[in-house]
Amino acid sequence: MGEQEIRSRLSSIQFAVGQAAQALSAERHLPGELRDYIQKLDRQSDRITEILALRDQARIVKLVQDMELLGARACRVCSSGLPLSGQMKSAVSRMHDELVAFKQHLH
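Read on for a plain summary of the structure. (Residues numbered from 1 in each chain as written. Predicted model: local features only at pLDDT ≥ 70, side-chain atom pairs only at ≥ 80, totals over all residues. Heavy atoms only, no water.)

What follows concerns the overall build of the protein. Scanning the protein from N- to C-terminus turns up four helices and zero strands. Starting at the N terminus and walking to the C terminus, you meet the elements of the protein as α-α-α-α. The globule rule puts the C-alpha radius of gyration for 107 residues at 13 Å, and the 14 Å found for the protein is close to it. Projected onto its principal axes, the C-alpha positions of the protein cover 40 × 20 × 20 Å. Buried residues in the protein amount to 38% of all 107 residues. Of the contacts formed within the protein by residues at least 6 apart in sequence, a portion of 75% connects residues at least 24 apart. Accessible surface, the protein: about 6000 Å² in total, of which carbon and sulfur atoms supply 48%. Separation between the mean location of the 15 positive side-chain charges and that of the 13 negative ones in the protein comes to 3 Å. (Helix = DSSP H or I, 4+ residues; strand = E, 2+ residues; numbered from the N terminus. Rg over C-alpha atoms; globule rule 2.2 N^0.38 Å. Buried < 20%, exposed > 50% of the residue type's maximum accessible area, 1.4 Å probe, protein only. Contact = heavy atoms within 4.5 Å. Areas by Shrake-Rupley, 256 points an atom, 1.4 Å probe, with all protein chains shown as cover. Lys, Arg positive; Asp, Glu negative; His and termini not counted. Charge placed at Lys NZ, Arg CZ, Asp CG, Glu CD.)

Moving on, we come to the pattern of salt bridges. Where charged atoms from two side chains of opposite charge approach closely, those side chains can pair. Under the defined criterion, the tally for this structure stands at seven salt bridges. Salt-bridge contacts for Arg 9 lead to Glu 5; the nearest nitrogen and oxygen are separated by 3.3 Å. Note that Arg 9 and Glu 5 are positioned in helix α1 (residues 3–26) at a spacing of four residues, about one turn of the helix. Residue classification places Glu 5 among the partly exposed positions, given a relative accessible area of 35%. With its nearest N and O atoms 2.9 Å apart, the salt bridge here joins Lys 62 to Asp 66. (Salt bridge = Lys/Arg side-chain N within 4 Å of Asp/Glu carboxyl O.)

Here the focus is the nonpolar core. Of all hydrophobic cores here, the largest spans 34 residues; its most connected members are Leu 10 and Leu 34. Looking at this core, the elements that each hand over two or more residues are α1, α2 (32–54), α3 (57–78) and α4 (86–106). Setting aside residues no more than four positions away along its own chain, Leu 10 makes contact with Ile 48, Leu 52, Ile 60, Val 64 and Phe 102. (Core = buried A, V, L, I, M, F, W, Y, C linked by side-chain atoms within 4.5 Å.)

A few words on unusual backbone geometry. Trans peptide bonds make up the majority, and among non-glycine residues the majority have a negative phi. At Arg 55, a position not held by glycine, the phi torsion is positive, near 55°. With a relative accessible area of 59%, Arg 55 lands in the exposed category.

Right, let's talk about the side chain of Glu 27 for a bit. For Glu 27, the location among the structural elements is in the loop between α1 and α2. Buried charge without a partner: Glu 27 forms no salt bridge, and the closest opposite charge is Arg 35, 7.5 Å away. With near-sequence residues (within four places) excluded, Glu 27 lies in contact with Arg 35, Leu 84, Ser 85 and Met 88.

Turning to α3, a few remarks are in order. Compared with an ideal rise of 1.5 Å per residue, which puts 22 residues at 32 Å, α3 spans 31 Å between its outermost C-alpha atoms and is within 8% of the ideal. Taken residue by residue, α3 has Ile 60, Val 61, Leu 63, Val 64, Met 67, Glu 68, Leu 70, Gly 71, Ala 72, Ala 74, Val 77 and Cys 78 as its buried positions. Buried residues along α3 sit against α1, α2 and α4. Capping the start of α3, Asp 56 holds a side-chain oxygen 3.1 Å from the backbone nitrogen of Ala 58, two or three residues further along. (Expected span 1.5 Å × (residues − 1). Polar contact = N/O pair within 3.5 Å; in protein donor to acceptor, adjacent residues only side chain to side chain.)

Attention now goes to the side chain of Ser 45. Inspection of the secondary structure assignment puts Ser 45 in helix α2. Classification of Ser 45 as buried rests on a relative accessible area of 4%. Apart from the residues within four sequence positions on either side, Ser 45 is in contact with Gln 14, Val 17 and Met 67.

Structure, rendered in structure tokens:
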């Protein structure tokens, strides 16, 4: 995978995480667990630019793996039957899909 494709995919991940963070701020009655996962993902998303500048493939892989794990946990909370908005469920699902797709391309 070329550097430009990596940058593009990471930009898509940052956008998807941003959408989930926006949905988070619009929700009133979110489980603390889901709020925590999305906030952690948002903080990790902020590190993407820094890690890209280092051009350290191992750190990129580790960051994406960690983010995908948090995204999977967030998806599980969303599918647990809790009363969440469609926007929240959609944003978390889209974010996780981006992370999974990128993780698969890295391996």
